Each structure stands twice: as structure tokens, then as C-alpha cells.
Amino acid sequence: MPSTRLNMLMNTEQLIDLGNQAREKNDPELALRYYAAAFVEDRNSASAFNNYGNVLRECGDPVGAVPFLQRSMQLAPGHPTAQFNLAVAYLLAGDYARGWPQYESRWNYEHLAGTLPKFNQPRWTGQDIKDKTVLIVAEQGHGDNIQFIRFVIDIKARGATPVLVVDSALTTLFKGFGIDNIVAFGEMLPAFDYWTPIMSIPNAVGSTLENLVSMQYYLTADAKLQQAWQQQLGPKTRLRVGFCWSGRRDTWINRHKAMPFETMLELIKRNPGYEWVNLQVDCTAEEEAQLAVAGVHSYPGSIKSFADSAALIMHMDVVLSVDTAVAHLAGALGRPVWIMLSQFALDWRWLLNRDDSPWYSTATLFRQPAMGDWTAVTDKIHKYLSWYKI
């Protein structure tokens, strides 16, 4: 812990910077000590309170984080980072009633700042939309849109006609969802009466953990693509396990979400009796070579869209995935999916202290018992696979 003498030699900004460095080095406890020293040094430092609260949330204490984030917002009412961090703390704690309204602060936060679409039509925030057309605008990552597409059902239940604008990688997948019109970003939009970002719908409809509808599945895979994959895979003679160990490698959060390739490979080698199928679309040549030696089936170049991934996943007995779009896709399809989760900087949607998910009825969560301990996760999965029956 920073000593009193050290604190006296440093100003608030220096202490915060040291805390940031400790957080970057995955030492949250040291980061908390520096941030605490910073707000002791200056009890009006909005950044010190924000950073302390944010790291508490990252350590799995969102309830404890709330008063520090609220203090930061009190000191700097226009502080977009504290506003966003408070939203994530509420959502991680399962307090959706306060979380969804606060989550609108995302449009002022970092990479999303200034990206809120602008249309002449009014934004839908819960108004009567019977016999109206509502444009739903996809946002953020592919996994976010796969998770939140379920709320199109709420739009249709209100008597509206939904139109979706989304990344081209998802258009074919979502066509089977009953949306009247799907267009890719950059294409001409049809006429509409209202519009909404897709992740703002739960706020408009008042979604909570208690009223979130449990569904066995809500997406389906294209039948012709499933048949094509069946021919490519051939007859199944063993338990078929699909796997994905990393999200997008160019994102900073992936360093927490991703499992080291070597750990995934070791799990595969420990279980040679299963048919392993690689669902990771961005393998390096070296990774593919090592997987091939381990007997893994890979199909480089064959997975061109999420519709292809969905059709392939339908042939898996179980999918192992870290927190990335593959996990959301398997859950949305109603396939058994075992989601491997980091202990630090856990995403809000997986909540805390549970091994199931209110979002996906077929998901089982495998959590690190300590920060960085992926071996404990794969040890547990090794046991679960030996018990798994099809």
C-alpha cells in the first residue's frame, strides 16, 4: 500500500496515474489503494472516486461501487465515464430498473460518443406504436445485437412493424426472426415512423430480471446451410464439441475475456475421445496447425457469416465459448453452451454468483475462481464433459 510518506510526495493526479498503471497490470487491489489515497488527498477529485468505484465493480462488487460513482457524478455532473460506469454497476447487480435508464449515458462515453443516430422521425421511448413502423438500429458488437434482437418481439406485440438496420454479417441470420424488413448499414432505408437503438428497447418496455421472458431459443439456422454442414461434417460417432477461446483480438477487453490458446489446446489434448470442431473464425496459421495435430476439425474459409456459424453450431452437442458472439449465438439458438468467464472485469450481462443465465436457458456459466485462473475453469469442464450424456 502507498505509504503516508509517499502520499505526501505525490499529488492527486500522480496517485491516479499510478492507480491506472496498476489496473492495466491486472493488479486491482493496488489500484484501489492508489485511488483511495488520491481521494484522501483531494476529497473533491471526481476521477479518484470514479476510478475507485469502477475497479470495485470490476472486482465483482457493483453494489459497493455505486456510492463512489454517485459521488463522482455529484462532483462532476457532466462526467460521462462515471455515468456509464454507474449504469454498468446497476446492470451487473441485476438492478435493471435503474440500469437501463442510466445505460443511455453510453452515447456520451468514449468510442460511442457522438455516434447516436440522427433522424427526423421521433425516437421511440415507449409511445403508442400500433400500426406504426419502427426502425431498430443495431449497435456495438455482434454479440450485443444477437442478445437484444429478442426484444423485436416486444415491438411486434405493440402492433408495430419492425424494420432493422444492422451489419451485413448479421442480415441473413436475422431474416428468420420474423422481421418484415432488414437492411444493411449503408443501404437505403424504407419509410418509418419511429426509431430506436436496439439496446434501448428494454428501457422503453420496462424490462427487468423478473419479467425477462425465458425462451428455449429465439433464432433459427437456415435449413439448407444446416444440410450443407451435415454433409461436410459427416456422420456423428462421438460427442461433438464446438469451441471458441477468444473474442475480437483488437479490443482491449479481450485480454480479460479471452482464454490463452495454450489453455484451450491443453483441454482438447486431455479429451481426445470427443470430436472437436473449431468455431474460432480468426485462427492464425500456427494455431490451425497445432489444432490439426490435436485432431481438431477446422473449416477455414467456410464460415463466411453468422448464418454459417449458426448452421454449424446446430450440429454441436455442446459449445464451449468465452464471452463473445459465439456464446450469444449458441444461446439464442437454444444449443447447450458452456460459457467460460473471467473473474475480473466481468461483463454485466452474466450477473454474479450464479451458473445459469436469465438470457439463455441452455447456458451454463463456468467462472474463474480467481483472476486469471483459466486452468480451474478447464479442469471443471474436463469433469463435466466426462459426465455429459447425449
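Heads up: these notes are all about the structure in this document. None of the values given here were measured: they were computed from a predicted structure.

A few words on the sheet that holds strand β8 (residues 337-341). Reading across the sheet, the five strands line up as β6-β5-β7-β8-β9 and stay open at both edges, with parallel pairing between neighbours. The sheet terminates laterally at β6 (275-278) and β9 (363-367), the two strands that pair on one side only. If you compare each strand with its neighbour and ignore which way they point, the axes differ by 20° on average. Relative to β9, β8 runs parallel, the two being bridged by five bridges. If you follow Met340 over to β9, its bridge partner there is Phe366. Packed on one face of the sheet, helix α18 (residues 374-387) meets β5 (240-244), β6, β7 (318-322), β8 and β9 and runs near 160° to β8.

Before going further, it helps to spend a moment on the packing of aromatic side chains. Per the counting criterion, the structure on display carries 33 aromatic pairs. Between Phe39 and Tyr52, the ring centres sit 5.4 Å apart and the planes meet at 80°, which makes this aromatic pair edge-to-face. Note that Phe39 is positioned in helix α3 (residues 28-41) and Tyr52 in helix α4 (residues 46-58), a separation of 13 residues in sequence. Each member of the pair, Phe39 as well as Tyr52, is classed as buried. Both rings, one in Phe119 and one in Trp195, keep their centres 5.2 Å apart while their planes meet at 65°; by these two values the pair is edge-to-face. Linking Phe119 in the loop between α7 (96-103) and β1 (133-137) with Trp195 in strand β4 (residues 194-197), this pair joins segments that are 76 residues apart in sequence. Given a relative accessible area of 28%, Phe119 falls into the partly exposed group. Here Trp195 falls in the buried class, since its relative accessible area comes to 4%. Over the face of the ring belonging to Phe49 we find Arg71, whose NZ or CZ atom lies 5.8 Å from the ring centre.

Within the structure shown, the criterion is met by zero disulfides. Of all cysteine sulfurs, the one in Cys283 lies closest to Cys244, which takes part in no disulfide; the gap is 8.7 Å.

Our next topic: the pattern of salt bridges. Applying the stated criterion to the full structure yields 13 salt bridges. When the shortest N-O distance is used, the salt bridge between Asp95 and Arg98 registers 2.6 Å. Accessibility expressed as a relative area gives 46% for Arg98, which makes it partly exposed. Arg349 is paired through a salt bridge with Asp347; the nearest N and O atoms lie 2.5 Å apart.

The rules behind each value
- Residues numbered from 1 in each chain as written.
- Predicted model: local features only at pLDDT ≥ 70, side-chain atom pairs only at ≥ 80, totals over all residues.
- Heavy atoms only, no water.
- Pairing = 2+ DSSP bridges.
- Helix = DSSP H or I, 4+ residues; strand = E, 2+ residues; numbered from the N terminus.
- Axes fitted to C-alpha atoms, helices over the stretch in contact; angles between N-to-C directions.
- Contact = heavy atoms within 4.5 Å.
- Phe/Tyr/Trp six-rings, centres within 6.5 Å; stacked < 30°, edge-to-face > 60°.
- Buried < 20%, exposed > 50% of the residue type's maximum accessible area, 1.4 Å probe, protein only.
- Lys NZ or Arg CZ within 6 Å of the ring centre and 35° of its normal.
- Disulfide = S-S within 2.5 Å.
- Salt bridge = Lys/Arg side-chain N within 4 Å of Asp/Glu carboxyl O.

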